[in-house]
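Next come the chains, spelled out residue by residue.
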Amino acid sequence: MSLYETVFIARQDISASQVEALTETFAALIAEGQGEVKKREYWGLRTLAFRIKKNRKGHYVLFNLDAPPAAVAEMERNMRINEDVLRYLTVRVDALEEGPSAVMQSRGSRDDRPRRSYGGDRHEGGRDRDEPREAPAAAVEGVEA
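These numbers were taken from a predicted model, which means no experiment stands behind them. (Residues numbered from 1 in each chain as written. Predicted model: local features only at pLDDT ≥ 70, side-chain atom pairs only at ≥ 80, totals over all residues. Heavy atoms only, no water.)

Some thoughts on the pattern of salt bridges
Part 1: In total, this model carries seven salt bridges according to the counting rule given.
Part 2: Between Arg 40 and Glu 24 there is a salt bridge; the shortest N-O distance is 2.7 Å. Of this pair, Arg 40 sits in strand S2 (residues 36-52) while Glu 24 sits in helix H1 (residues 16-32), and the two are 16 residues apart along the sequence.
Part 3: Owing to a relative accessible area of 34%, Arg 40 belongs among the partly exposed residues under this scheme. (Salt bridge = Lys/Arg side-chain N within 4 Å of Asp/Glu carboxyl O. Helix = DSSP H or I, 4+ residues; strand = E, 2+ residues; numbered from the N terminus. Buried < 20%, exposed > 50% of the residue type's maximum accessible area, 1.4 Å probe, protein only.)

Next up, the structure:
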């Protein structure tokens, strides 16, 4: 059997449980076609780069598949018919990625970064904000510049 990666985007106004039901439906179609879903990831509700069918956001889901081409074609046919699916893309790959995808890895590393502090410990131009500004030397001496 062939290896595939499929990502589909569902409409923003359906709930996460409806997206899960949609995911189960597509996984069942693959199983009926003697295929197997090796990995599935829900990437969450993300902002789209441009509007698709009046939607600014979409629920992203990734499948890693080990299935015959006929099963993948049937899944894509059902995605095309389903009005809750905005876009989908299936790519044939040589090997399936083990572990979390790049999207899930970047989401985890984002939490590891130190948080910025907007308190009094920030410096503006080498001085604390609470320190009074020094007057220019010309103004102190009374000399015009």
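Brief notes about the packing of H1 against helix H2 (residues 69-81)
Part 1: Running from N to C, H1 and H2 point in directions that differ by 150°, and their axes come no closer than 8 Å. Viewed along their axes, H1 and H2 adopt a mutual orientation that is roughly antiparallel. Once H1 is placed against H2, the crossing between them reads as right-handed. Facing Phe 26, Leu 29 and Ile 30 of H1, the residues of H2 in contact are Ala 71, Val 72, Glu 74, Met 75, Asn 78 and Met 79.
Part 2: Class assignment for the residues of the contact of H1 with H2 results in seven nonpolar, one polar and one charged. (Axes fitted to C-alpha atoms, helices over the stretch in contact; angles between N-to-C directions. Parallel < 35°, antiparallel > 145°, perpendicular 65-115°, else oblique. Left-handed = near helix turned anticlockwise from the far one by under 90°. Contact = heavy atoms within 4.5 Å. Nonpolar A, V, L, I, M, F, W, Y, C, P; charged D, E, K, R; others polar.)

Some words on the pairing of S2
Part 1: Summarising the sheet, S2 and strand S3 (residues 55-67) pair through eleven bridges and their orientation is antiparallel. Bridging across to S3, Gly 44 finds its partner in Tyr 60.
Part 2: In sequence, S2 turns back onto S3 through a hairpin of two residues, with Lys 53 there showing a positive phi of about 50°. (Pairing = 2+ DSSP bridges.)

What about H1?
Part 1: Relative to the 24 Å expected for 17 residues at 1.5 Å per residue, H1 spans 24 Å between its end C-alpha atoms, a close match to the ideal helical length.
Part 2: When we look at burial in H1, the residues that qualify are Val 19, Leu 22, Thr 23, Phe 26, Ala 27, Leu 29 and Ile 30. Buried residues of H1 fall within an arc of 150° about the axis and therefore sit on the same side. Turned more than 90 degrees from where H1 packs its buried face, Ser 17 and Glu 32 sit exposed. (Expected span 1.5 Å × (residues − 1). Arc of directions from axis to C-beta.)

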